[in-house]
Amino acid sequence: MSKNLRINNKQFVDETRKLSFIFNGKKLYGYKGDTLASALLSNDIHLVGRSFKYHRPRGIMTSGSEEPNAILQIGNDDALTDPNVRATEIELYDGLICNSQNCWPSVKFDIGGINNFLSPLLPAGFYYKTFMWPASFWEKYEYFIRKSAGLGKSPTKQDPDMYDHRYMHCDILIVGGGVSGLIAAKIASDDNKKVLLLEDKELLGGSLIYDDNDISKIDNQKSSEWLKKLIENIKNDKNIIIKTRTSLAAYHNYNFLLARQNLTDHLSVNDRNNKIRQRLYKIRAKKVIISTGAIERPQVFHNNDRPGIMLASAVKKYIDYYGVRCGLENVIFTNNDSAYETALSLHKSGTKLNAIIDIRDNSSSEIVNKVKSLGIQIYWNHTVVNTKGYKRINKITIMKLNDKGNDVVGKKIELNCDCLAISGGWTPMVHLFTQSGGKLKFDNKDNIFVPDKTNLNQLSIGSAKGDFELDDVLKNSIKDTKKFLQIENSNFDKIDVKCSKEKEKKNIWLLPSDKPLSKTKPFLDYQNDSTAKDIKLALREGFKSIEHVKRYTTTGMGTDQGKLANMHALGIVADTTNTNMGDLGTTTFRPPYTPLTFGTIVGRNVGQFFDIFRKTPMHDWHVDNNAKFENVGQWKRAWYYPKDGESMHDAVQRESKAARESSGILDASTLGKIDIQGTDANEFLNRVYTNAWSKLQIGKCRYGLMLNEDGMVYDDGVTTKLGENHYLMTTTTGGAANVMSKLEDYLQTEWPELDVFLTSVTDHFATASVCGPNAKKIVNKIFKDLDLSDESFPHMSFKEVKLGNINCRIMRISFTGELSYEINVEASYGKYIWEKCIEAGKEFNITPYGTETMHLLRAEKGFIIVGQDTDGTMTPVDLQMDWIISKKKYDFIGKRSLYRSDTIREDRKQLVGLLTDDPNEILEEGAQIVKDENKKPVNMLGHVTSSYFSPTLKKSIALAVLKEGKKLKGQKLLVPMIDKTIKVTVSDTVFLDKENERING
Amino acid sequence: MFLINCPYCGERDQSEFVSGGEAHIARPKQPTELNDDQWAEYLFMRKNIKGIQFERWNHAHGCRKWFNVARDTSNDKIEKIYKMGEQPPKL
């Protein structure tokens, strides 16, 4: 490239630091301070991507976060590559590798470009309309549609980068470090407020910092010079924390905001090692000031999407900030005065400006007069009707507008150009305001939506509020900020601002062409290829709500979220339907403002930190003894202990056999434990459990079933009476926290008169449960002085003993049907007591067993597991546990619901046992049960809830819930599986030891 | 994300609290006296209004205390926080 595109006088780009980068395989150079976009433009590269649907060549269009076209794949590492990165936002670093997306084989020659010629066949809703028939083909269509959908490629490997989260609190949060934000920051700081100032760019100052025209003056200085002094002042201000490269992602209620700071994306890859890549700030601000500025709008005309067509403000920024000319034959196309600043910048930098086309009849503002005086040709009341140049614009055709502005007249004029700078006015960035719940109002003068009502302590200032001219921006920002902060005076009160004032306004949402609309391509949403035609088609087809039009045409649904497209879409809908834009409303602005990587959202909560997990005091022993673990709630519970490569089935068979024949030991520490004290503790238990507790003696244990107020089983467990007015309740492992808060709820809100105190002691005690015919011998070896005779220590009783200095609470309770003792000690002695039991049990082949064996053993006895055999729709009656419902108690939680018309239905699902006709066939849990599988639709009677192979009974057993199950005992039913149908017989729920003899060893 | 002024602990983030639904629905003192419809009214029927709604909240990850909140459901603004047992404010 020998074109002279780089201008050598810039303060923001460091030309002593040359950086190399690779674009589509070609090595190019730029400078420190460039964005990828400015570096590409300095290499005369406009064409960077292909559009989504028609694969039209597209170039860099903007200089900011609104960029719809220049979205690139950054990096080529499978783990680190980043899709859809806006070239206008990423700072250039040495060794940057980037590639165009959505094109094959290359951006210059893209096979998909054929879609452009097929475009008459691909109108809005094409996919909806075409792929509906025949319905059964959808799966086949979907494969191909998904393949061609999407822009960039996601990384395929785990993200190795580090991300961070941090909470921030401040008096005043200021979003946007442009001139109005800076002034507000200073005013707030002078009032001794703690200010947090966020700026998404590398430098503060917004667009004024590189403003180079001689018309705008602040306090008789060049506006940019004045601003630089203010910035220096703010940087040294201890009340102001500045976060640059930080973009606000979301603004939630109660002034809770999320902002993402880029920490390493601007560094060369080698300099990033061990550094945090991005940080998500979770900010709670007392007050928020939004000074996010405005985005320039394009104009909508035929072929307005060619590479080389750019926003006028972007052309200006590339010259004034980056020192890069976007073209050597420039033309400006505008409907307002701001593009004349671009004209002055082009002129000042010695860049050729062939003409200005202005749809207005004339303008005589100071800035326009200045441009006129430079002898630049201005075509008033003209519009662009067509552009030429496939991969780069090279010609435009203009025509005169008629009086109404809805057609063109006269003869065509052709102009050469390699860069067309367009401006259709400005749109305030009200995204954050509306995200926070603020309501907008429409300003007919400037055709913009501006902030109106909000419930939050917030303020919009500057062009984000709809002020576009320098004097309005400054004076209103000062005035509004003072009022917002309730300040009388500020150091800015005597500010003197001079600037050009716009006098003429004209806006045409869809510019006319010499061709009928159907033959033109006036793009609204560049990224999603939706045109004005698509909007009109949607309206013709009956879509009225703007939300529907958006979804049907996909306007505003790209990665840029329609930052450039939405206003024109609204304008065209309003014009076509003869509606006031204010009545039409806008589509919903949703967070994030710019896309966030998943890494930033999850922060440090990855891998082992994804969720909290809880370990019992014996955990290390389980690990050392080869346990496999199961997640139960947040607990890691030993699941089974495979020996010598045993399968789970084999291990469970061995463990359960040992428990039944000699002895087994289970870590039961995870069971929820609630310490209940108070003079009304007994009454409290009577109210929360279905059974009666009044007669329970000290030192005795009782099983209790807890219901919800709707009568459904909620939790179960054994409660022990430790002393007068003192109980220890156990709950299921997963239900502990919920039971605790439910009980608290009743105590605090329904029964505040009860003298009861609840304390969660789950983590304070560890529990080793020793069971089996030899359990008594083992416990006796440890506690030599303890009388374990059935008379002194019967089933369902409790003793407190000492082992050396260790207090032990021993409960003789059983979930396996075997004689068993649960030894509770303070958590820190958990591993000690466990190892003590293992050692004492050695001669009896004491076998550690996990949750799987526990489940098998209890299923043999027909004991339920709440949450496995119940699912929130089972009453105790459904479970055939009528025996546990006290007939004498007047009330308990859920009692009244047990005789609602629904709960007394006889055809409810009820818990039953199932035996397979083939004793070796093990049913699958969750399998459906039917009576007749031929009569369709097949009537589902219920499903299997628990299923195991019992080594003691040498057959498969299962529990199931079954419609009218109680009446079906002995009936033959079917369990259809994918490859066979299993025959089963309904049985009793207790499979082993119906007489309960084993409980005594 | 709300900021909730727990009457016992002060202003805390919403993530420390759980909502317990509509407030001022007292559990009937004599459930057995109620017919199915009356019981169902207590058990299932909840208001879902646009405007000020009285709710129960619990400072679950804090003091574990329950209290009442008057919240405007149209904008989530908390108009009033008051303790259990107190009457709903006139808003």
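Residues numbered from 1 in each chain as written. Chains lettered and ligands numbered in written order. Predicted model: local features only at pLDDT ≥ 70, side-chain atom pairs only at ≥ 80, totals over all residues. Heavy atoms only, no water.

A. Spotlight on the overall build of chain B. Assigned secondary structure in chain B consists of one helix and six strands. For chain B, the sequential pattern of α-helices and β-strands runs β-β-β-α-β-β-β. If one aligns the C-alpha atoms of chain B with their principal axes, the spans along those axes are about 45 × 30 × 20 Å. Counting only contacts in chain B whose residues sit at least 6 apart along the sequence, the fraction spanning at least 24 positions is 45%. When the accessible surface of chain B is summed, it comes to about 5,300 Å², and 46% of that surface belongs to carbon and sulfur atoms. (Helix = DSSP H or I, 4+ residues; strand = E, 2+ residues; numbered from the N terminus. Contact = heavy atoms within 4.5 Å. Areas by Shrake-Rupley, 256 points an atom, 1.4 Å probe, with all protein chains shown as cover.)

B. Structural view of the sheet that holds strand β5 (residues 71–74) of chain A. All names here are of chain A. Strand order in the open sheet formed by five strands is β2-β1-β7-β5-β6, with mixed pairing between adjacent strands. The open sheet has two free edges, formed respectively by β2 (26–32) and β6 (82–86), since each of these has just one partner strand. Between one strand axis and the next, the sheet turns through 40° on average, direction left out of account. Looking at chain direction, strand β1 (residues 14–23) and strand β7 (residues 96–99) are connected through three bridges and run parallel. For phenylalanine 23, the partnering residue across the bridge sits in β7 and is cysteine 98. (Pairing = 2+ DSSP bridges. Axes fitted to C-alpha atoms, helices over the stretch in contact; angles between N-to-C directions.)

C. Looking closely at the domain arrangement of chain A. All names here are of chain A. Partitioning chain A into structural domains gives domain 1 (7–158), domain 2 (162–294 + 428–498), domain 3 (307–424), domain 4 (667–857) and domain 5 (863–1000). Computed from C-alpha coordinates alone, the two centres of domain 4 and domain 5 are separated by 27 Å. Taken together, the 37 residues of domain 4 in the interface contact 34 residues of domain 5. Surface buried jointly by domain 4 and domain 5 totals about 2,800 Å² across both partners, of which 62% is contributed by carbon and sulfur atoms. (Domains from an automatic or database assignment. Buried area = accessible area lost by both parts, 1.4 Å probe.)

D. Inspection of the packing of aromatic side chains at higher detail. Residues and elements named next belong to chain A. On inspection of all chains with the given rule, the structure shows 21 aromatic pairs over all chains. Seen in terms of ring centroids, tyrosine 210 and tyrosine 321 are 5.6 Å apart; in terms of plane orientation they differ by 80°. Their pairing is edge-to-face. With tyrosine 210 in the loop between β9 (195–198) and β10 (217–218) and tyrosine 321 in the loop between α7 (312–320) and β18 (330–334), the pair connects residues that are 111 residues apart, well separated along the chain. This pair shows no difference in class: tyrosine 210 is buried, exactly as tyrosine 321 is. (Phe/Tyr/Trp six-rings, centres within 6.5 Å; stacked < 30°, edge-to-face > 60°. Buried < 20%, exposed > 50% of the residue type's maximum accessible area, 1.4 Å probe, protein only.)

E. Spatial organisation of a nonpolar patch on the surface. All names here are of chain A. On the surface, a cluster of nonpolar side chains totalling about 380 Å² of accessible area is made up of Phe598, Ile601, Val602 and Val606. Checked against the element boundaries, phenylalanine 598 lands in helix α16 (residues 598–602). On the accessibility criterion, phenylalanine 598 (71% relative accessible area) is exposed. (Patch = residues over 30% accessible without salt bridge, like charges linked within 9 Å, V, L, I, M, F, W, Y side chains within 5 Å. Salt bridge = Lys/Arg side-chain N within 4 Å of Asp/Glu carboxyl O.)

F. The pairing of strand β32 (residues 628–632) of chain A, seen in detail. All names here are of chain A. With five bridges joining them, β32 and strand β33 (residues 635–640) adopt antiparallel strand pairing. Within the sheet, the bridge partner assigned to asparagine 631 lies in β33 and is lysine 636. Hairpin connection from β32 to β33: two residues lie between these consecutive antiparallel strands, with glycine 633 at a positive phi of about 60°.

G. Region of the structure containing the interface of chain B and chain A. At the interface, 28 residues of chain B touch 28 residues of chain A. Between chain B and chain A the total buried area reaches about 2,500 Å² when both faces are included, carbon and sulfur atoms providing 45% of it. Considering only the side of chain B, the residues that lose the most area to chain A are B:Met1, B:Arg27 and B:Arg64, jointly responsible for 28% of the buried surface there. At the surface where chain B touches chain A, the tally comes to six salt bridges. A:Asp745 is paired through a salt bridge with B:Arg56; the nearest N and O atoms lie 2.8 Å apart. Our count for the chain B to chain A interface comes out at 22 residue pairs in polar contact (both at pLDDT 80 or more). Of the residues forming the side of chain B that touches chain A, the biggest block, five residues, is contributed by helix α1 (residues 36–44) of chain B. (Polar contact = N/O pair within 3.5 Å; in protein donor to acceptor, adjacent residues only side chain to side chain.)

H. How the structure looks around the side chain of A:His431. All names here are of chain A. Counting through the fold element by element, histidine 431 comes out in helix α10 (residues 431–435). The class for histidine 431 is buried, based on a relative accessible area of 14%. With residues near it in sequence (within four places) discarded, histidine 431 still touches Lys563, Phe589 and Tyr593.

I. How the structure looks around the packing of helix α18 (residues 648–661) of chain A against helix α23 (residues 851–860) of chain A. Residues and elements named next belong to chain A. As a packed pair, α18 and α23 sit with axes 9 Å apart at the nearest point and diverge in direction by 55°. By the criterion of interaxial angle, the relationship of α18 to α23 is oblique. Here α18 and α23 pass one another in a crossing that is right-handed. Counting all contacts with α18, which are made through Met648, Val652, Gln653, Glu655, Ser656, Ala659 and Arg660, the residues of α23 involved are Glu852, Thr853, Leu856, Leu857 and Glu860. A class-by-class count of the residues in the contact of α18 with α23 yields five nonpolar, three polar and four charged. (Parallel < 35°, antiparallel > 145°, perpendicular 65-115°, else oblique. Left-handed = near helix turned anticlockwise from the far one by under 90°. Nonpolar A, V, L, I, M, F, W, Y, C, P; charged D, E, K, R; others polar.)

J. Examining helix α13 (residues 546–553) of chain A more closely. All names here are of chain A. In terms of burial, α13 is a largely internal element, six of the eight residues being buried. Within α13, burial applies to Ile546, Glu547, Val549, Lys550, Tyr552 and Thr553. Note on α13: the residue one or two positions beyond its end, threonine 554, has a positive phi of about 60°.

K. Local environment of the side chain of A:Lys287. Residues and elements named next belong to chain A. Topologically, lysine 287 is positioned in strand β15 (residues 276–290). Aspartate 191 provides the closest opposite charge to the buried, unpaired lysine 287, separated from it by 8.3 Å. Within polar-contact distance, the side chain of lysine 287 engages the backbone oxygen of phenylalanine 484 at 2.8 Å. Ignoring anything within four residues of it in the chain, the contact list for lysine 287 reads Asp171, Ile172, Leu173, Asn255, Asn457, Phe484 and Leu485. (Lys, Arg positive; Asp, Glu negative; His and termini not counted.)

L. Geometry of helix α11 (residues 470–485) of chain A. All names here are of chain A. Between its first and last C-alpha, α11 extends 22 Å over 16 residues, near the 22 Å set by a 1.5 Å rise per residue. Within α11, twelve of the 16 residues are buried, which leaves it mostly tucked inside the rest of the structure. Within α11 the residues assigned to the buried category are Leu470, Asp471, Val473, Leu474, Asn476, Ser477, Ile478, Asp480, Thr481, Lys482, Phe484 and Leu485. Positive backbone phi, approximately 55°, marks glutamine 486, located one or two places after α11. (Expected span 1.5 Å × (residues − 1).)

M. Region of the structure containing the packing of helix α12 (residues 532–540) of chain A against α13(A). All names here are of chain A. It is the contact of α12 with α13, at a shortest axis distance of 10 Å, that shows an interaxial angle of 120°. Regarding the angle of α12 to α13, the classification is oblique. As α12 packs across α13, the resulting crossing turns out to be right-handed. Contact residues: α12 offers Asp534, Ile535, Ala538 and Leu539, while α13 offers Val549, Tyr552 and Thr553. Of the residues contributing to the contact of α12 with α13, the split by class is five nonpolar, one polar and one charged.

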